[in-house]
Amino acid sequence: MESISFDMSLPHRQAEIVSKLKQEGRVTVTDLVEELQVSDETVRRDLKELEALGLVRRIHGGAITPKSDQEEPLLARERFNMREKARIGQLASRMVSDGMSVFLDTGTTTLALARRLTAQNLRVTTNSLDIALALRDKGAQVEVTPGTLRANDNALIGIETLEYTRRHYYDVAFMGIAACTLAQGWTDYAQEESALRRILLGQARQSVLVVDHSKFGRQAYVRTFSLSDVNCVICDKRPPRALQEAFDAGNVRVVFE
């Protein structure tokens, strides 16, 4: 991805934020409040607008330079939009009924879903050790894919993971994803996630993406799906109008309340 440039078409305050981020690679809300002499709410609104333009990437307490091929560790991502992810998990859990076979891939929003599953006699397959542990005491039959352990999020990845997934079928696959734009569709930061999610698309009766609103308007490194490839999108609020219209045109069900 090209480095951030100082865009004179931005409002002056936002241009200052972009310039500082270009120089330092990371900014905090606290520092920006002090330097710009504005409120915490104003800084957060600026960062949200800049992220929608693809000029920053918000993290807990501030923002970093957007990198389309790199994702924050799971522990850092889990603190971001916690209430929204909990709400998505609650909505997604309503799609799960007794006796179903479910796949949950790695991610903070699928982890939020795992914590809210209450259906009985579930068979849950996952490539996330964190999700497997979250389900340990819920009475579900939990199967963990083989694979190589990735340190930053306790995910199992690799050829063995993909081959195992190809041999099984599921009533529903719940998947996270990194980003979504009208032009590029659904994108991911790593080839491993992208490949697994494309396989799951063909192995599940229902394919469901669970995403919080921060994923809309962002672009990651690897193209995973077209906008209309999945059956359902569950999010914490209505997607931007252009995306909602594209989902409607592609017969993709969107659930947000």
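Residues numbered from 1 in each chain as written. Predicted model: local features only at pLDDT ≥ 70, side-chain atom pairs only at ≥ 80, totals over all residues. Heavy atoms only, no water.

Undergrad: Would you take a moment to explain the pattern of salt bridges for this structure?
TA: By the definition in use, this model includes 10 salt bridges. Across the salt bridge formed by Arg 150 and Asp 153, the nearest N and O atoms sit 2.6 Å from each other. Across the pair, Asp 153 and Arg 150 agree in class, each one buried. Among the ionic contacts, a cluster of salt bridges with common partners joins Lys 20, Glu 24 and Glu 35. (Salt bridge = Lys/Arg side-chain N within 4 Å of Asp/Glu carboxyl O. Buried < 20%, exposed > 50% of the residue type's maximum accessible area, 1.4 Å probe, protein only.)

Undergrad: Can you walk me through the pairing of strand E11 (residues 185–188) in this structure?
TA: On a regular strand, each side chain points to the face opposite its neighbour's, so the side chains alternate between the two faces of the sheet. Two elements, strand E10 (residues 179–181) and E11, share three bridges in a ladder whose sense is antiparallel. Bridge pairing links Ala 179 to Thr 187 in E11. Here E10 hands over to E11 after three residues, the two strands then running antiparallel side by side. Where E11 meets strand E13 (residues 222–225), three bridges bridge the pair, whose relative direction is antiparallel. Paired with Asp 188 across the two strands is Val 222, which belongs to E13. (Pairing = 2+ DSSP bridges. Helix = DSSP H or I, 4+ residues; strand = E, 2+ residues; numbered from the N terminus.)

Undergrad: Help me out: how do you make sense of the side chain of Thr 187 in this one?
TA: Checked against the element boundaries, Thr 187 lands in strand E11. Among all residues touching Thr 187, those that are not within four sequence positions of it are Ile 177, Ala 178, Ala 179, Gln 219, Ala 220, Val 222, Arg 223 and Thr 224. (Contact = heavy atoms within 4.5 Å.)

Undergrad: Is there a simple way to think about the sheet that holds strand E14 (residues 232–234) in this case?
TA: Two pairing modes exist for strands in a sheet, parallel and antiparallel, and in both the strands are linked by backbone hydrogen bonds. Pairing in this open sheet of seven strands is parallel, and the strands run E6-E5-E4-E9-E12-E14-E15 from one edge to the other. Looking along the sheet, the strands with just one partner apiece sit at the ends: strand E6 (141–144) and strand E15 (253–255). Averaged over neighbouring strand pairs, the angle between their axes works out to 20° when direction is ignored. Two elements, strand E5 (residues 123–126) and E6, share four bridges in a ladder whose sense is parallel. By the bridge assignment for E6, Arg 123 is matched with Gln 141. The strands that helix H9 (residues 191–203) touches are strand E4 (101–104), strand E9 (170–175) and strand E12 (204–210); relative to E12, the one it contacts most, it runs at about 140°. (Axes fitted to C-alpha atoms, helices over the stretch in contact; angles between N-to-C directions.)

Undergrad: Please clarify how the nonpolar core should be interpreted in this entry.
TA: The nonpolar side chains of a soluble globular protein tend to be buried, and buried together. Residues Trp 186, Leu 209, Val 211, Phe 216 and Phe 247 are the most contacted members of the largest nonpolar core, which totals 26 residues. At the level of elements, E9, H9, E12 and helix H10 (241–249) are the ones that each hand at least two residues to this core. Considering each element in turn, this core owes the most residues, four residues, to H9. In contact with Val 211, other than residues within four places in its own chain, are Ile 88, Ile 177, Trp 186, Phe 216, Val 233, Ile 234, Cys 235 and Asp 236. Counting residues in hydrophobic clusters, the runner-up holds 25 residues, among them Ile 88, Leu 91, Val 102 and Cys 232. (Core = buried A, V, L, I, M, F, W, Y, C linked by side-chain atoms within 4.5 Å.)

Undergrad: I'm lost on helix H1 (residues 12–24) in this one. Help?
TA: Since the α-helix packs 3.6 residues into each turn, any two residues three or four apart lie on the same face. An ideal rise of 1.5 Å per residue puts 18 Å on 13 residues; H1 measures up with 18 Å between its terminal C-alpha atoms. Residues of H1 that are buried include every one of Gln 14, Ala 15, Ile 17, Val 18, Lys 20 and Leu 21, and no others. Positioned one or two residues after H1, Gly 25 has a phi angle of 80°, which is positive. (Expected span 1.5 Å × (residues − 1).)

Undergrad: Is there a simple way to think about the confidence of the model for the protein chain in this case?
TA: Residues shown with low pLDDT carry predicted positions that ought not to be read at fine detail. Within the protein chain, residue pLDDT values average 88, and 89% of them lie at 70 or more. Segment residues 1–8 is flagged for pLDDT under 50; beyond a separation of four residues in sequence, or across chains, it makes 14 contacts in the model. Overall, residues 73–78 carries pLDDT values under 50, and its contacts beyond four positions in sequence, including any with other chains, amount to 14 contacts. (pLDDT = per-residue confidence, 0-100.)

Undergrad: It is not clear to me how helix H5 (residues 82–93) should be interpreted in this structure. Could you clarify?
TA: Here H5 contains 12 residues, and its C-alpha end-to-end distance of 16 Å stays within 8% of the 16 Å for a straight helix at 1.5 Å per residue. Turning to H5, its buried residues are Lys 85, Ile 88, Gly 89, Leu 91, Ala 92 and Ser 93.

Undergrad: It is not clear to me how unusual backbone geometry should be interpreted in this structure. Could you clarify?
TA: Most of the time, phi is negative for any residue but glycine, and the peptide bond is trans. Positive phi, normally seen in glycine, also occurs at Gln 37, with a value near 55°. With respect to the element layout, Gln 37 can be found in the loop between helix H2 (29–36) and helix H3 (40–52). Using a relative accessible area of 66% as the deciding quantity, one classes Gln 37 as exposed. Its identity is not glycine, yet Asn 121 carries a phi of approximately 55°, on the positive side. Note on placement: Asn 121 falls in the loop between helix H6 (108–114) and E5.

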